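What follows is the residue order along each chain.
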Amino acid sequence: MAQNRRKFIAQTLTASAGLLLDSFGALAETPLNFQVPADFSLKILATNWGFQGSMEAFCAKAQKAGYDGIEVWAPTTTEDRFELERATKAHGLEFGLLVGSGSSDFKEHFTQFIQYLKNATPLKPLYINCHSGKDYFTFDQAQNILELSTTAGKAAGVPVYHETHRGRICYSAPVTRALMDRIPNLRLTLDISHWCVVSESLLDDQKETVNLALSRTDHIHARVGHQEGPQVTDPRAPEWASALKAHLAWWDKVVEFKVQQKQPLTILTEFGPPMYMPTVPYTQQPLADQWGINVYMMELLRSRYLVKK
């Protein structure tokens, strides 16, 4: 039974490949309502989320696929720091780092978070992306984390961004709006798929807040979510066209802001493995190829936002 199910899925995916590629090409060629200059700086990074292998193997795979760099959790040991620097240098890749604490106690969380941040800054990454706080921290506690971490990054000369992520401080559009109003220098990593889940919508009724967030965005996690989940099965599939178009419109606006401001942008393609990736019941076989989807997203975004030379 399981073998027949796997065979059916493989045949279905093969049969629909032409349709998927046609949809991908059409979206990539949809004209923007602004011009992207030839000197616009866009770096697209790969995630090692779900990758089973060494840092060396991951960097080799990212380089072969055509990525500009990688985003990984900040290493906590001397050996891991050395391996990250060695592998990225060997394969000509840049890197961004993730930091965050899982502690539910604010004092412990705050101490850990700031220490992780201080440990990451000497590596001089492109940026530090923060999984900041917890969604149940008070507003004042949240403000303390955001302000102090941003100040620490500025002192070290490393950009610090705070991700719009469920379970964290910036888990929803209205909460993040209040924080943006309070903290003028708050800069975001936009993973807007989380807000779609929290609001159970594509945010059509929160356009003013979304536009403010887009103007504060310096880094994008390019995963397509929908009203009921943080990740569509496959963004190339026609049933997810409305979700993909909504996310592209948001990302387009971020690129437009960066072009106007003559500032660079980084993007991480971040479709995740099971259980973010839906699976077949019982066998837990992924319904799509995570790495393949992320590479398609890289190609789509590069085609859309970079002038062909």
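The text that follows walks through the structure, step by step, so that each part is easy to find. Within each chain, residues carry numbers counting from 1 in the order of the written sequence. Residue-level local features of this predicted model are given only where pLDDT is at least 70; pairs of side-chain atoms are given and counted only at 80 or more, and the full residue set underlies all totals for whole chains, interfaces and linings. In computing side-chain values, all of the structure's heavy atoms are included and hydrogens and water are not.

1. Notes on the pattern of salt bridges
Alright, step 1. Take a side-chain nitrogen of Lys or Arg and a carboxyl oxygen of Asp or Glu: if they are within 4 Å of each other, that pair is a salt bridge. The tally for this structure, following the rule as stated, stands at 13 salt bridges.
Alright, step 2. A salt bridge links glutamate 94 to lysine 43; the nearest nitrogen and oxygen atoms lie 2.7 Å apart. You can see glutamate 94 sitting in strand β3 (residues 94-100) and its partner lysine 43 sitting in strand β1 (residues 42-47), a full 51 residues away along the chain. Each helix is a run of H or I in the DSSP string that is no shorter than four residues. Each strand is a run of E no shorter than two, and both are numbered from the N terminus.

2. A few points about the state of the cysteines
Alright, step 1. A pair of cysteine sulfur atoms is labelled a disulfide when the two atoms are within 2.5 Å. According to the stated counting rule, one finds zero disulfides in the structure shown.
Alright, step 2. There is no disulfide at cysteine 130, and the cysteine sulfur nearest it, in cysteine 170, is 10.0 Å away.
Alright, step 3. The thiol of cysteine 196 is unpaired, and the distance to the nearest cysteine sulfur, on cysteine 170, comes to 16 Å.
Alright, step 4. Accessibility expressed as a relative area gives 0% for cysteine 196, which makes it buried. For every residue, the accessible area obtained with a 1.4 Å probe (protein chains only) is divided by the maximum for its type, and the residue is called buried under 20%, exposed over 50%, and partly exposed between those limits.

3. Looking at the packing of aromatic side chains
Alright, step 1. When two rings of Phe, Tyr or Trp (its six-membered ring) have centres within 6.5 Å they constitute a pair, described as stacked for plane angles under 30 degrees, edge-to-face for angles over 60, and tilted for the intermediate range. The tally for this structure, following the rule as stated, stands at seven aromatic pairs.
Alright, step 2. Each ring, one from tryptophan 49 and one from tyrosine 276, has its centre 4.8 Å from the other, and the planes form 75 degrees; the classification is edge-to-face. One end of the pair, tryptophan 49, is in the loop between β1 and α3 (55-65); the other, tyrosine 276, is in the loop between β8 (265-269) and α11 (290-305), and 227 residues separate them in sequence.
Alright, step 3. The partly exposed category is assigned to tryptophan 49, whose relative accessible area is 28%.
Alright, step 4. In this structure tyrosine 276 comes out as partly exposed when scored by relative accessible area, which is 21%.

4. Some points on the layout of surface pockets
Alright, step 1. Think of a 1 Å grid over just the protein atoms. A cavity is a set of points where a 1.4 Å probe fits yet cannot get out, a pocket is an open set with protein on both sides within 12 Å along at least five of seven lines, and lining residues have an atom within 4 Å of a point. Grid points are joined across faces, edges and corners, and a volume is the space filled by probe spheres set on the points. Considered as a void within the structure, the largest pocket measures approximately 410 Å³ in volume.
Alright, step 2. What lines the largest pocket is a set of 21 residues, among which Asn48, Glu71, Val72, Trp73 and Leu98 lie closest to the centre.
Alright, step 3. Every element with two or more residues in the lining of the largest pocket is listed here: β2 (69-73) and α4 (78-90).
Alright, step 4. All amino acids are sorted into three groups, where Ala, Val, Leu, Ile, Met, Phe, Trp, Tyr, Cys and Pro are nonpolar, Asp, Glu, Lys and Arg are charged, and the leftover types, Gly among them, are polar. Classifying every residue of the lining of the largest pocket by side-chain character gives ten nonpolar, six polar and five charged.

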